[in-house]
Amino acid sequence: MRRAALVAALALAGCGGGNDESATQLLERGFSTDVDTGVLTLDAELEVEGGPVEGPFRLELEGPFRAADSPTQLPDLDMAVRASGAGREYEGRAILTRQNAWIEYGGETYEVGEQLWMRLRAALEEQSRGEPETFAEAGVDPLDWVEDAEESGEEEVGGTTVTKVTGRVDPEEMLRDFERLPGGQPIPESALDQVDDMLDDIEFEAWIGEDDVWRRLSADTEIQIPEEERESAGGVESVSVSMEVRLDDPNEPVEIEGPAGGRPLEELLRRLGVPPEALLGPGFAQPAPG
């Protein structure tokens, strides 16, 4: 959430050719302003045509967050989670704090436990040690990905006056830069050519307040599977993707507290058919919840 809040949010800021200068400057200010706390809402939808299982598939997240001291550390958050697709619906909740984490699923609360959570956090942070913490440190400038950025007037979002900016993200340019980010792998030129042929430009809209804080983002694109590739793709003909992210109460105090206890995480993993050792490593043994 700090330094543009989300990678997805950063990916929408750009200043490629043909951009309006005032729109570019607004995007640059909006996605360089720190947001330490707030209430985040994400709504993502995947529409699949063709294949054995057609969409839509939908994911919704909503809840408060508190940014960590470093972008490579996990934030504190309390998110309601709703997912639907293929005739099924799921609801739950995820609570992360510095000390512990909990997952609510199927009417039960499961606790990771302080010792295990400390191990998991340490492992994640160790993987990021020495890696760039920002796009700039990685030599990547998201301001190169977007074309045709322009201001589209003022609106009200959450009681705040915002300026709307529209534009397009070039997915090929974005993927080329992703190779240089932590964990990125070289992408063959032939694969990049296929992406350019199959994936439309990503259309986006961003709403940025008078305080230079982004309040809302939306983006959508479509993937067309060539006829000769559909058999290997399971009969899928096309995939439409849309996403909207909203930020309320930026930099206002938030309260994030976990429940008093819960059942061991191991029970949830086994309930979902996931061997705990497969997810958490060989020799897994969960300490009793504290």
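Located above this text is the structure these notes cover.
Below, the structure is looked at part by part. Since we're looking at a predicted model, the values are computed, not measured.

1. Some points on the overall build of the protein
Alright, step 1. A count of helical and extended segments in the protein gives eight helices and 12 strands.
Alright, step 2. Out of the 290 residues belonging to the protein, those deemed buried represent 37%.
Alright, step 3. Partitioning the intrachain contacts of the protein with sequence separation of at least 6 by distance along the chain shows that 59% fall at a separation of at least 24.
Alright, step 4. By element, 47% of the accessible surface of the protein is carried by carbon and sulfur atoms, the whole surface being about 15,400 Å².

2. Observations regarding the sheet that holds strand S8 (residues 160–169)
Alright, step 1. Within the open sheet, the 12 strands sit side by side as S7-S8-S9-S10-S11-S1-S2-S3-S4-S5-S6-S12. Their pairing is mixed. Each end of this open sheet is capped by a strand with a single partner; those strands are strand S7 (146–157) and strand S12 (263–264).
Alright, step 2. Looking at chain direction, strand S2 (residues 57–66) and strand S3 (residues 76–85) are connected through seven bridges and run antiparallel. Across the sheet, Glu62 pairs through a bridge with Ala80, a residue of S3.

3. Side note on the pairing of S3
Alright, step 1. Sheet topology note: the S3/strand S4 (residues 88–96) ladder contains nine bridges and is antiparallel. Note on S4: the bridge partner recorded for Gly85 is Arg88.
Alright, step 2. Between S3 and S4, which follow one another and run antiparallel, lie two residues, and Ala86 among them has a positive phi close to 55°.

4. Here we look at the environment of Ala68
Alright, step 1. By the element assignment, Ala68 lies in the loop between S2 and S3.
Alright, step 2. Each C-alpha atom of the pair Ala68 and Arg98 lies 8.9 Å from the other, and the pair is 30 residues apart in sequence.

5. What about the pairing of strand S6 (residues 108–111)?
Alright, step 1. Sheet analysis places strand S5 (residues 101–105) next to S6, joined by four bridges and oriented antiparallel. Counted as the bridge partner of Tyr105 is Glu108 from S6.
Alright, step 2. Two successive antiparallel strands, S5 and S6, enclose a turn made up of two residues, where Gly106 displays a positive phi of approximately 60°.
Alright, step 3. As judged from the two bridges shared by S6 and S12, these two strands associate in the parallel manner. Looking at the pairing, Glu111 lines up with Pro264 of S12.

6. Structural notes on the pattern of salt bridges
Alright, step 1. Taken as a whole and assessed by the stated rule, the structure comprises 17 salt bridges.
Alright, step 2. A salt bridge links Glu205 to Lys164; the shortest N-O distance between them is 3.1 Å. Here Glu205, found in strand S9 (residues 202–209), pairs with Lys164, found in strand S8; they are 41 residues apart in sequence, far enough to count as distant.
Alright, step 3. Measuring nitrogen to oxygen at the nearest pair gives 3.1 Å for the salt bridge that ties Asp248 to Arg246.

7. Focus on a negative patch on the surface
Alright, step 1. Residues Asp20, Glu21, Glu150, Glu151, Glu154, Glu156 and Glu210 make up a contiguous surface patch of negative charge.
Alright, step 2. Take the negative patch: its biggest share by element is four residues, from S7.
Alright, step 3. Topologically, Glu150 is positioned in strand S7.
Alright, step 4. With relative accessibility at 44%, the residue Glu150 sits in the partly exposed group.

Cut-off values and rules
Residues numbered from 1 in each chain as written. Predicted model: local features only at pLDDT ≥ 70, side-chain atom pairs only at ≥ 80, totals over all residues. Heavy atoms only, no water. Helix = DSSP H or I, 4+ residues; strand = E, 2+ residues; numbered from the N terminus. Buried < 20%, exposed > 50% of the residue type's maximum accessible area, 1.4 Å probe, protein only. Contact = heavy atoms within 4.5 Å. Areas by Shrake-Rupley, 256 points an atom, 1.4 Å probe, with all protein chains shown as cover. Pairing = 2+ DSSP bridges. Salt bridge = Lys/Arg side-chain N within 4 Å of Asp/Glu carboxyl O. Patch = residues over 30% accessible without salt bridge, like charges linked within 9 Å, V, L, I, M, F, W, Y side chains within 5 Å. Lys, Arg positive; Asp, Glu negative; His and termini not counted. Charge placed at Lys NZ, Arg CZ, Asp CG, Glu CD.

Any link to function would need more than the numbers given here.
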